[in-house]
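# Remarks on the overall topology
Here is what each chain is made of, one letter per residue.
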Amino acid sequence: MAIYEVPAMTEMTALSSETPVAVVGAGTMGRGIAQVAAGAGHRVLLYDVDPEAARRALAAIGDVLDGRVARGKLGAETRDALLGRIHPVANLAELAPAGLVVEAVVEDLGVKQALFRELQARNPQAILASNTSSLSITAIASALPQPERLLGMHFFNPAPVMQLVEVVRGLATDPGLAATVHATAGRWGKTAVYARSTPGFIVNRVARPFYAEALRLLQEGACEPATLDALLREAGGFPMGACELMDLIGHDVN
């Protein structure tokens, strides 16, 4: 029996670049996702409860792109066109034209459920995607009139650089919509994989022993954190050591 039933290839049609994409949450992940979608040609509607956050996010994206222009990795016209496709908006009502809404807000089940209820009430036809890395897609969707239209679209930090996207299907998720999001992530230049809504999905589930065994070694006094990280990088081939990665992510998120 297959662990995951992959939707039929005939259903895998990516969203057109003409389809507006909304991003809710203008923090590190939200602005990264907005940059990815705009880079793929979409008009991006960026909303945050903090009225200034979306504007700060746009400025931060501009700084990143300026660096790429300075290094000769990106043309100035391409930078300007990408930034011109990102539009900070003042309220959720302005997200109604979006065919895909990606949420990247605080990891709180009640907050996400309330947000998606309002989004679905405003646009019942939109595909709703959560960037959650730890909450159940099934649980989030259970609060919606149309739970089949919600799934996970889990990017990794920094979203414009990291290639993997987990397309996470809850118990009610429409397989066809999962296939559309999978194909869309591919059109955005990402490597998309299907996952079910199980604890940690794929990557974070696999990563638990990486962190936990490192913490066990430190607890036992086997070595210092810097030594452990050096061994993992130079002998194990990991881009970052476990302690470095925990510091980057933050212990609260971990």
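Details of the structure are given in the entry above.
Notes on the structure follow.

Of regular secondary structure, the protein possesses nine helices and eight strands. Taken over C-alpha atoms, the radius of gyration comes to 19 Å for the protein, in line with the 18 Å a tight globule of 254 residues would show. With respect to the principal axes defined by its C-alpha atoms, the protein has extents near 55 × 50 × 35 Å. Relative to its full complement of 254 residues, the protein shows a buried share of 44%. In the form shown here, the protein has an accessible surface area of approximately 12400 Å², with 58% of it arising from carbon and sulfur atoms.

Before going further, it helps to examine the pattern of salt bridges. In total, this model carries nine salt bridges according to the counting rule given. One salt bridge in this structure joins Arg56 and Asp50, with 2.9 Å as the shortest N-O distance. Taking the relative accessible area as the measure of exposure, Asp50 reaches 30% and is therefore partly exposed. Among the salt bridges present, the one from Arg233 reaches Glu244, with a minimum N-O distance of 2.9 Å. Of this pair, Arg233 sits in helix α8 (residues 225-234) while Glu244 sits in helix α9 (residues 242-249), and the two are 11 residues apart along the sequence. Relative accessible area serves as the criterion here: at 30%, Arg233 is assigned to the partly exposed category. Each of the salt bridges in this network shares a partner with another, and the network as a whole consists of Asp66, Arg79 and Asp80.

Looking now at unusual backbone geometry. Only a minority of non-glycine residues have a phi that is not negative, and only a minority of peptide bonds are not trans. At the junction of Asn157 and Pro158, the peptide bond is cis and its omega measures out at 0° in the coordinates. Looking at where Pro158 falls in the secondary structure, it is placed in the loop between β6 (150-154) and β7 (164-169). Positive phi, normally seen in glycine, also occurs at Phe201, with a value near 55°.

By the alternation rule, side chains of strand β5 (residues 127-130) split into Ile127 and Ala129 and Leu128 and Ser130, which are all buried. Bridge count for strand β4 (residues 100-103) against β5 is four bridges, and the pairing is parallel. Bridge pairing links Val102 to Ala129 in β5. The sheet contact formed by β5 and β6 spans three bridges and is parallel. By the bridge assignment for β6, Ala129 is matched with Leu151.

Sheets are built from strands paired through backbone hydrogen bonds, the pairs being either parallel or antiparallel. With mixed pairing, the eight strands of this open sheet are ordered in space as β3-β2-β1-β4-β5-β6-β7-β8. Two strands close off the open sheet at either side, each with one partner strand: β3 (86-88) and β8 (191-196). With direction set aside, neighbouring strand axes in the sheet form an average angle of 25°. Each of β5, β6, β7 and β8 touches helix α6 (residues 175-187); the most contacted strand, β8, lies at about 155° to it.

Before going further, it helps to spend a moment on the packing of helix α7 (residues 203-219) against α8. Two elements in contact, α7 and α8, have axes separated by 10 Å at closest approach and are oriented at 140°. Our classification of the angle between α7 and α8 gives oblique. As for how α7 packs across α8, the hand of that crossing is right-handed. Contact residues: α7 offers Phe210, Ala214, Leu217 and Leu218, while α8 offers Pro225, Leu228 and Leu232. When grouped by side-chain class, the residues that make up the contact of α7 with α8 number seven nonpolar, no polar and no charged.

Spanning 17 residues, α7 covers 24 Å between terminal C-alpha atoms, matching the ideal 24 Å at 1.5 Å per step. For α7, the set of buried residues is Asn204, Ala207, Tyr211 and Ala214. The buried residues of α7 occupy an angular sector of 80° when the element is viewed end-on, so they sit on one face. Away from its buried face, by an angle of more than 90 degrees, α7 presents the exposed residues Val206 and Gln219. Contacts made by the buried residues of α7 are with β6, α8 and α9. With its phi angle positive at about 75°, Gly221 sits one or two positions after the end of α7.

Glancing now at the pairing of β7. Most of β7 is tucked away, with five of its six residues classed as buried. Two strands pair when backbone bridges link them, and β7 and β8 are joined in this way by six bridges, in the parallel orientation. Residue pairing in the sheet places Val165 in a bridge with Ala192 of β8. Note on the crossover from β7 through α6 to β8: the handedness is right-handed.

What counts and what doesn't
- Residues numbered from 1 in each chain as written.
- Predicted model: local features only at pLDDT ≥ 70, side-chain atom pairs only at ≥ 80, totals over all residues.
- Heavy atoms only, no water.
- Helix = DSSP H or I, 4+ residues; strand = E, 2+ residues; numbered from the N terminus.
- Rg over C-alpha atoms; globule rule 2.2 N^0.38 Å.
- Buried < 20%, exposed > 50% of the residue type's maximum accessible area, 1.4 Å probe, protein only.
- Areas by Shrake-Rupley, 256 points an atom, 1.4 Å probe, with all protein chains shown as cover.
- Salt bridge = Lys/Arg side-chain N within 4 Å of Asp/Glu carboxyl O.
- Pairing = 2+ DSSP bridges.
- Axes fitted to C-alpha atoms, helices over the stretch in contact; angles between N-to-C directions.
- Contact = heavy atoms within 4.5 Å.
- Parallel < 35°, antiparallel > 145°, perpendicular 65-115°, else oblique.
- Left-handed = near helix turned anticlockwise from the far one by under 90°.
- Nonpolar A, V, L, I, M, F, W, Y, C, P; charged D, E, K, R; others polar.
- Expected span 1.5 Å × (residues − 1).
- Arc of directions from axis to C-beta.
- Right-handed = clockwise from strand over helix to strand, strands pointing away.

Without other data, these values stay purely geometric and don't point to any function.
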